[in-house]
Amino acid sequence: MIRLSRQGLVLLLIAGAFPTLILVYLTFTSDDGYAGEATFQRLELKFASKLRELSMDNRALRKQVSLARTELAAFEMNVDEASPKSFNNCANTQQEVPKCEVIHIAIVCSGHKSTRDVVTLIKSVLFYRKNPVHFHFLSDTTAQVILNYLFETWSVPDVKISFYHADKVKEDIEWIHNKHYSGIYGLLKLVLPKTLPTSLEKVIVLDTDVSFATDIAELWKMFSFLNGLKVLGLVENQSDWYLGKIWKNHIPWPALGRGFNTGVILMNLRVLREMNWMEMWKKIAVKELETMQYTQLADQDIFNAVLKEHPYFVYHLPCQWNVQLSDNSKSDKCYNQLEEPKIIHWNSPKKFKVENKHVDYFRNLHLAFVEYDGNLLRRELFGCEKSEDANPTAAPEEVSEDECYEFRREQSLVHRTHLFYLDYKYQPEEYDVTLVTQLSIDRLQMLELLSNRWEGPISLALYLSDAEAQQFLKYAQDSEILTKRTNIGYHIVYKDGQFYPVNYLRNVALNQSQTSHMFLSDIDFLPMPGLYNHLKSVVSRIDMEKENKALVIPAFETQRYRLEFPTTKADLLTKLDKEEIFTFRYDVWPQGHLPTNYTKWRTAKAMYTVKWERDYEPYIVVKKGIPLFDHRFVGFGWNKVSHAILLDLLGYKFVVLPDAFIIHMPHAPSLEITKFRNNALYRNCLKTLKGEYQRDLSRKYGLKALKYLSVD
């Protein structure tokens, strides 16, 4: 019989439970094989400590197993026994969402880019939805201004929006050091139970980089599985991030197994509030940050740390509800056929450049919504009563169906508008001038030329379809000239109707100008060198507050595509004499600019005042707050003339600047001028609209407007 000493017995136990400790023990063994008693006692104490830890882990594990068995039993009771597949069919066992039940969606959104991403998400939701939806945006000021105006002009029935300013809750999360590219906004989902109204008991939380491939009501039904302490519905993370296998020495935050991705969350707000969610996650975050120092994946790390300590809080959503296309994702194991994914999540900084064998299919699905005409989503949900706070559908004004019906209809259209489509950062000076203009896709090439010659702020309205907006985005992001500019406000006005809404576009750009003064121009004109600084100097010296003035910038034109652009007034006059340059529209529409008095301008050294005359339509600099352009004039003809009439009627003085000029560059005729020239009805309706405008002025302003009645 072999006899073991106490030390030998303990050594065998250690070898079975903790083999690595044997090596520690052996290093302290003397030459005759006998370890020092003091060394052995230290080893024994270390083992005892490990044993206690193991015992505690085993108790926790048994508790989790017990809970898992209970949950499994409850799950099996709810699942139809005739449905052998696990999670794929679980939604089918649920009762349908009532037709008019409102589905609540919470989204964190900040900055300009985020507003572009969220529009694609919203389109995918609205495309499939059959229920009213209420979007709750936790946002910064920039995103709130943009999205509020977008929804106001979009006018989608049965859609409501609410905003909650991020600044009010930043103090709850700004103490957390977050290294994720989302910054502080990547932590805001943690405070949704505190931020959202207490009357709201449940909400679907979405990242802005997801797209739906099914009706969101199918996800809403999954709330029936969130009972008891199950307060969060999440899809398991589809990479090895939380397993620590991404790279060598990678130490992730603690998580249950693979952890969970927080791009899609079912959140039981009522129970989360009852369990004091805010205090709970903060306590756990503080503890983990002592060793981790910072979050790597923003809120996701903290959610996972909470679930590690409280695994019974989570309901495992089927993986199809968050197919994650990240750099190290194994999401292709989540589905057997491409029709199975319900939500596509582009959760990589590379976005569409990730590796996945089906990435082309998913990219095309996403781009289909990017380019989808959002106007088609303005459809009614029949059978649901309209609530008082629902987003109203814009009702067009009643118009008589005469031969000019289409023209009259256009003036009542409200165009879906996405303000500040690209990043905009500019702090205006006390006396500053914004160039205000508009364009369509066929004039896009003028943008770089204009940007090279006007270094000041620009407010630009672009009339584009959803697909054309993506062409513009690529053009702007690929342009070395435009990417250097952050003082150009690009405002996308989406196409709707038959005519180019030129004055609608002007008003959008005009209203978004943030400087004290505005230069109202057209995209075909290039300013003389240094015009921006010259105009800033002029407006700082002229009192335009006490007396309304419109500063006229003389307009010229050239038929030469390769003009050596004049740098001074003297240079321009030389080219004018050589007939390389002409006064604008001298041959086809001389009355439009004749009152500027080009003869006087040639020798003028000081500003001079001119009187309004019939059909005058100068390009002018005015102070902010002037009357808007009249929307009834669409396409070609009288759009600027009508505005000049209004300014004259309101007492504005037209003052010509002697040392400023702009030049119209040649281009192919626009579609609108072609319609005007070739369509007698177009010309007749324009004449009709002129008369109606003049009579409207007479009714509003009385005797002062009589002189404009004689204008044909």
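Check the entry above for the structure.
Just so we're clear, the structure is a prediction, and the values are computed from it rather than from any experiment. (Residues numbered from 1 in each chain as written. Predicted model: local features only at pLDDT ≥ 70, side-chain atom pairs only at ≥ 80, totals over all residues. Heavy atoms only, no water.)

Chemist: Please provide a residue-by-residue account of the overall build of the chain, values included.
Modeler: Broken down by element type, the chain carries 22 helices and 23 strands. Burial analysis of the chain (712 residues in total) assigns 53% to the buried set. Long-range pairs, those at least 24 residues apart, make up 79% of the contacts in the chain between residues at least 6 apart in sequence. Carbon together with sulfur atoms contributes 52% to the accessible area of the chain, which is approximately 33,900 Å² in total. (Helix = DSSP H or I, 4+ residues; strand = E, 2+ residues; numbered from the N terminus. Buried < 20%, exposed > 50% of the residue type's maximum accessible area, 1.4 Å probe, protein only. Contact = heavy atoms within 4.5 Å. Areas by Shrake-Rupley, 256 points an atom, 1.4 Å probe, with all protein chains shown as cover.)

Chemist: So what's going on with the side chain of His593? Which residues, and what values?
Modeler: Inspection of the secondary structure puts His593 in the loop between strand E19 (582–583) and helix H19 (598–603). Classification of His593 as buried rests on a relative accessible area of 3%.

Chemist: Requested: an account of the pattern of salt bridges, with residues and values cited.
Modeler: Inspection of every chain in the model, using the stated rule, returns 38 salt bridges. The salt bridge involving Arg270 is made with Glu274; its shortest N-O contact spans 3.2 Å. Taken together, the residues span about one helical turn, with Arg270 and Glu274 both in helix H8 (residues 269–274) at a distance of 4 residues. According to the relative accessible area criterion, Arg270 is partly exposed, its value standing at 36%. (Salt bridge = Lys/Arg side-chain N within 4 Å of Asp/Glu carboxyl O.)

Chemist: Describe a nonpolar patch on the surface, and please don't skip the residues or the numbers.
Modeler: A contiguous nonpolar surface patch, about 310 Å² in accessible area, is contributed by Leu703, Leu706 and Leu709. One can find Leu709 in the segment after helix H22 (680–701). (Patch = residues over 30% accessible without salt bridge, like charges linked within 9 Å, V, L, I, M, F, W, Y side chains within 5 Å.)

Chemist: Please provide a residue-by-residue account of the state of the cysteines, values included.
Modeler: For the structure shown, the criterion picks out 3 disulfides. The disulfide partner of Cys100 is Cys384, and the gap between their sulfur atoms is 2.1 Å. Residues Cys100 and Cys384 share a disulfide whose torsion about the S-S bond is about -95°; that sign makes it left-handed. On the criterion of sequence distance, the pair formed by Cys100 in the loop between helix H3 (37–78) and strand E1 (103–109) and Cys384 in the loop between helix H11 (359–370) and helix H12 (405–410) is long-range, its members being 284 residues apart. The partly exposed category is assigned to Cys100, whose relative accessible area is 33%. Residue classification places Cys384 among the buried residues on the basis of a relative accessible area of 9%. In this model, Cys319 is linked to Cys334 through a disulfide, with the two sulfur atoms separated by 2.0 Å. Here the S-S torsion is close to 105°, and the disulfide linking Cys319 with Cys334 is therefore right-handed. (Disulfide = S-S within 2.5 Å.)

Chemist: I'd like a description of the sheet that holds strand E10 (residues 343–345), backed by residues and values.
Modeler: Strand order in the open sheet formed by 3 strands is E5-E10-E9, with mixed pairing between adjacent strands. Every other strand in the sheet has two partners, leaving strand E5 (210–212) and strand E9 (323–324) as the edge strands with one partner each. Taken together, the 2 bridges between E9 and E10 define a ladder with parallel strand orientation. When the sheet's bridge partners are listed, Val323 is paired in E10 with Ile344. (Pairing = 2+ DSSP bridges.)

Chemist: Break down the environment of Arg378 for me, citing the residues and quoting the values.
Modeler: Examined against the element boundaries, Arg378 turns out to sit in the loop between H11 and H12. For Arg378, a relative accessible area of 24% translates into the label partly exposed. Sequence-wise, Arg378 and Leu126 are 252 residues apart; in three dimensions their C-alpha atoms are separated by 9.2 Å. In contact with Arg378, other than residues within four places in its own chain, are Thr153, Trp154, Ser155, Pro157, Val414, His415, Arg416 and Asp496. Of note is the side chain of Arg378, whose polar atom sits 2.5 Å from the backbone oxygen of Trp154. A distance of 3.4 Å separates the side chain of Arg378 from the side chain of Asp496, its partner in a polar contact. (Polar contact = N/O pair within 3.5 Å; in protein donor to acceptor, adjacent residues only side chain to side chain.)

Chemist: Any chance you could break down the packing of helix H20 (residues 639–649) against H22 for me, citing the residues and the numbers?
Modeler: Here H20 crosses H22 at 20°, and the two axes come no closer than 12 Å. Our classification of the angle between H20 and H22 gives roughly parallel. Our pair here, H20 against H22, has a crossing hand that is right-handed. Counted together, Ser642, Ile645, Leu646 and Leu649 of H20 and Tyr693, Leu697 and Tyr701 of H22 form the full contact between these two elements. Partitioning the contact of H20 with H22 into residue classes produces 6 nonpolar, 1 polar and no charged. (Axes fitted to C-alpha atoms, helices over the stretch in contact; angles between N-to-C directions. Parallel < 35°, antiparallel > 145°, perpendicular 65-115°, else oblique. Left-handed = near helix turned anticlockwise from the far one by under 90°. Nonpolar A, V, L, I, M, F, W, Y, C, P; charged D, E, K, R; others polar.)

Chemist: Account for H22, naming residues and giving values.
Modeler: For an α-helix, 3.6 residues make a turn, and residues three or four places apart therefore share a direction. Look at H22: 32 Å from first C-alpha to last across 22 residues, which is about the 32 Å you get at 1.5 Å a residue. Along H22, the residues that are buried comprise Tyr682, Cys685, Leu686, Leu689, Lys690, Gly691, Glu692, Tyr693, Gln694, Leu697 and Ser698. Buried residues along H22 sit against H12, H20 and helix H21 (671–678). In the segment just after H22, Gly702 is the residue with positive phi, at about 70°. (Expected span 1.5 Å × (residues − 1).)

Chemist: Tell me about the pairing of E1, and please be specific about residues and values.
Modeler: When you tally the buried positions in E1, you get 7 out of 7 residues, the bulk of the element. Here E1 shows no split at all, with Ile103, Ile105, Ile107 and Cys109 on one side and His104, Ala106 and Val108 on the other all buried. As defined by bridge partners, E1 adjoins strand E2 (residues 133–139) across 7 bridges and the pair is classed as parallel. For Val108, the partnering residue across the bridge sits in E2 and is Leu138. Between the parallel pair E1 and E2, the chain is carried across by helix H4 (residues 111–128), and the sense of this crossover is right-handed. (Right-handed = clockwise from strand over helix to strand, strands pointing away.)

Chemist: Quick rundown of the sheet that holds strand E18 (residues 555–557)? Include the residues and the values.
Modeler: Across the sheet, 4 strands lie side by side as E16-E23-E18-E19; this open sheet has mixed pairing. On the outer flanks of this sheet lie strand E16 (525–527) and E19, each paired with one strand and no other. Note: E18 against E19, 2 bridges, orientation antiparallel. Residue Phe556 lies in a different strand from E19, and its bridge partner there is Thr583.

Chemist: Kindly report on the nonpolar core, identifying the contributing residues and their values.
Modeler: In this structure, Trp454, Phe472, Tyr490 and Phe519 are the most contacted members of the largest nonpolar core, which totals 108 residues. In contact with Trp454, not counting residues within four places along its chain, are Val433, Thr434, Leu435, Arg485, Phe519, Pro527, Leu531, Tyr532 and Leu535. Formed by 48 residues, the second largest nonpolar core is a distinct cluster that contains Leu188, Leu200, Ile265 and Phe313. (Core = buried A, V, L, I, M, F, W, Y, C linked by side-chain atoms within 4.5 Å.)

Note that all results are geometric; they support no functional claim without further evidence.
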